[in-house]
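If you want the building blocks of each chain, they are given just below.
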Amino acid sequence: MTLPGGVVERPLGRGRLLGYGVGSIGTGVFSAVPGLLLLYYLTDMLGVPAAVAGVVLVAPKIWDVLLNPLVGAASDREAVRTGRRTRLLAIGAAALPVTFALMFAVPGGVPGALWSGGAFLLAATAFACFQVPYVALPAEMAGTQSARTRIMSWRVVCLTVGILVAGGLAPAVVDLAGGGRGGYAVMGVVIGALMAAALVAATLGTRWVPSRPGPRPLGPVAAFRLARGNRPFFVLLAAFVTQALAVAVMLAGAPYVASYRLGDYGLTSVMFVCLVGPSMLAVPGWAWLARRHGAVRCYLAASAGFCAVAVALIPAIAVGSAGGGLVVTLALTALAGVCYAALQLLPLSLLPDTVHADAARTGQAQSGAFTGLWTAGETAGLALGPGLFALVLALSGFVSAPTGSPVAQEPVALTGLLLGFTALPALLMLISLPFVARYGRLAKEPA
């Protein structure tokens, strides 16, 4: 099959699929760790007020949202000139692990928060350099939805490994290194090294992918003008961003639920493994269901299922660790993980369809431009999630304090963090459902 730009599709063996997918171990780590641990690190390790911590988390991501479309256009220009997207991938792979480690090697108090925020800004920039061209590659690796679903299946499995590293290994390394700021500093170095191995492997493993966006390079403004007529893309993006926001809110709330509702911060890792572990096993099942019943129908079912599970978690967590509440909480978290697998697999499988359809409309297959916009939206959702949860904490009267000097939280604060972890993600997931259905109508796939 010939891909947009006249490129002949090459066979996809397991080596090439793994060479691409392994990069998601690194991107999964970076996407999950700041949302899962950084807010808690700022409030409960450095003693930074929740509102200030929220600003520190959101500000670098605002920059990233603005940067991603520019990186996308730059990636397309590189592809026109060289036929590859390797240069930006290599820059991101080299810089991201170092800046990630610097996020957690900080002094205490507000100066530490400023240091962490500055390092986060640099890390977000490096992440954009890798992530934007990385997400553009599947549209240039395969020309059919079934082949791209196979690519994404490998990617989501690797992404799951990365998220497990972030949620399972990272807190464990903190504990093994003695906890506190020193433990977090060691964690940053260890996880950064694992991230570097994955990103470099993907950069080398995808050098074979030919990239031919179109007959001429486009600047960011021209690329956006050409892209804005692609309605299916923007509807799918709206669904994905809203869901990314929901998941990010839940990730940010997990350490607080574990510490203040379930009575053990160590349960953060257990909850995370329960959420992400089943998703690895569920990916082949969702891929089979998508082939049999349609990707959009499965996407709708998974979104509604995640919403229902989030609501069901409210009474389970309210019971606490006693009376079987912990067992039910972990079981429901695992069920959410099954739905989460589809929320990662299916929209990313549908994204290249919008790129190919737009190439037929415009004659310009600008994968980088679209993935720049896509990554900007995803970044916005992941960034606003911790900030939104921090706002819930601030409004409910949560009192920040270092773990060495714990503060008893008022009942309203405990209720606030519970609803922030459950009801708020459920509401956001509910809001996403009309966008998914609308995409199905625009793409003429049954919803």
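The coordinates are above.
In short, a report on the structure. (Residues numbered from 1 in each chain as written. Predicted model: local features only at pLDDT ≥ 70, side-chain atom pairs only at ≥ 80, totals over all residues. Heavy atoms only, no water.)

## Focus on the overall build of the protein
A tally of helices and strands in the protein yields 15 helices and two strands. Counting across all 447 residues of the protein, residues that qualify as buried make up 60%. Of the accessible surface of the protein, which amounts to about 15500 Å², a share of 71% is contributed by carbon and sulfur atoms. (Helix = DSSP H or I, 4+ residues; strand = E, 2+ residues; numbered from the N terminus. Buried < 20%, exposed > 50% of the residue type's maximum accessible area, 1.4 Å probe, protein only. Areas by Shrake-Rupley, 256 points an atom, 1.4 Å probe, with all protein chains shown as cover.)

## Points about the packing of helix α3 (residues 50–82) against helix α4 (residues 86–103)
Between α3 and α4, whose axes approach to 8 Å, the crossing angle comes to 130°. On the basis of the axis angle, α3 is oblique to α4. On α4, the residues that touch V71, A74, S75, E78 and R81 of α3 are T86, R87 and L88. (Axes fitted to C-alpha atoms, helices over the stretch in contact; angles between N-to-C directions. Parallel < 35°, antiparallel > 145°, perpendicular 65-115°, else oblique. Contact = heavy atoms within 4.5 Å.)

## Describing the environment of L159
When you line up the elements, L159 lands in helix α6 (residues 145–176). In this structure the C-alpha to C-alpha distance between L159 and V276, which are 117 residues apart in sequence, comes to 9.6 Å. Among all residues touching L159, those that are not within four sequence positions of it are S24, T27, G28 and Q344.

## Description of a nonpolar patch on the surface
On the surface, I62, W63, L66 and L121 cluster together into a nonpolar patch covering about 380 Å² of accessible area. The biggest single contributor to the nonpolar patch is α3, with three residues. In this fold, L66 is placed in helix α3. (Patch = residues over 30% accessible without salt bridge, like charges linked within 9 Å, V, L, I, M, F, W, Y side chains within 5 Å. Salt bridge = Lys/Arg side-chain N within 4 Å of Asp/Glu carboxyl O.)

## Thoughts on the pattern of salt bridges
On inspection of all chains with the given rule, the structure shows two salt bridges. For D76, the salt bridge identified is with R85, shortest N-O distance 3.0 Å. Put simply, E140 and R85 hold a salt bridge, and the shortest N to O gap is 2.7 Å. Of the two residues, E140 sits in helix α5 (residues 109–141) while R85 sits in the loop between α3 and α4, which places them 55 residues apart along the sequence. Among the residues examined, R85 registers a relative accessible area of 2% and is labelled buried. Here the salt bridges do not stand alone but share partners, grouping D76, R85 and E140 into one network.

## Some details on the packing of aromatic side chains
With the rule as written, the count across this model stands at 12 aromatic pairs. Ring geometry for Y256 and F398: centres 5.5 Å apart, planes at 80°, overall edge-to-face. Taken as a pair, Y256 in helix α9 (residues 231–261) and F398 in the loop between α13 (367–395) and α14 (411–421) lie far apart in primary sequence, 142 residues in all. For the pair Y256 and F398, a shared accessibility class is recorded, and that class is buried. Linked through ring pairs, F233, F234, F240 and W374 together constitute an aromatic cluster. (Phe/Tyr/Trp six-rings, centres within 6.5 Å; stacked < 30°, edge-to-face > 60°.)

## Quick look at the side chain of Q243
Along the chain, Q243 falls in helix α9. Of the residues examined, Q243 reaches a relative accessible area of 2% and is grouped as buried. A distance of 3.0 Å separates a polar atom in the side chain of Q243 from a polar atom in the side chain of S432. Residues contacting Q243, with those up to four places away along its chain left out, are Y299, S303, L343, M429, S432 and V436. (Polar contact = N/O pair within 3.5 Å; in protein donor to acceptor, adjacent residues only side chain to side chain.)

## Remarks on the nonpolar core
Counting 139 residues, the largest nonpolar core has L42, Y184 and M187 as its most contacted members. Here this core gets 17 residues from one element, more than from any other, and that element is α9. With near-sequence residues (within four places) excluded, Y184 lies in contact with L37, Y40, Y41, M45, F104, V174 and Y265. (Core = buried A, V, L, I, M, F, W, Y, C linked by side-chain atoms within 4.5 Å.)

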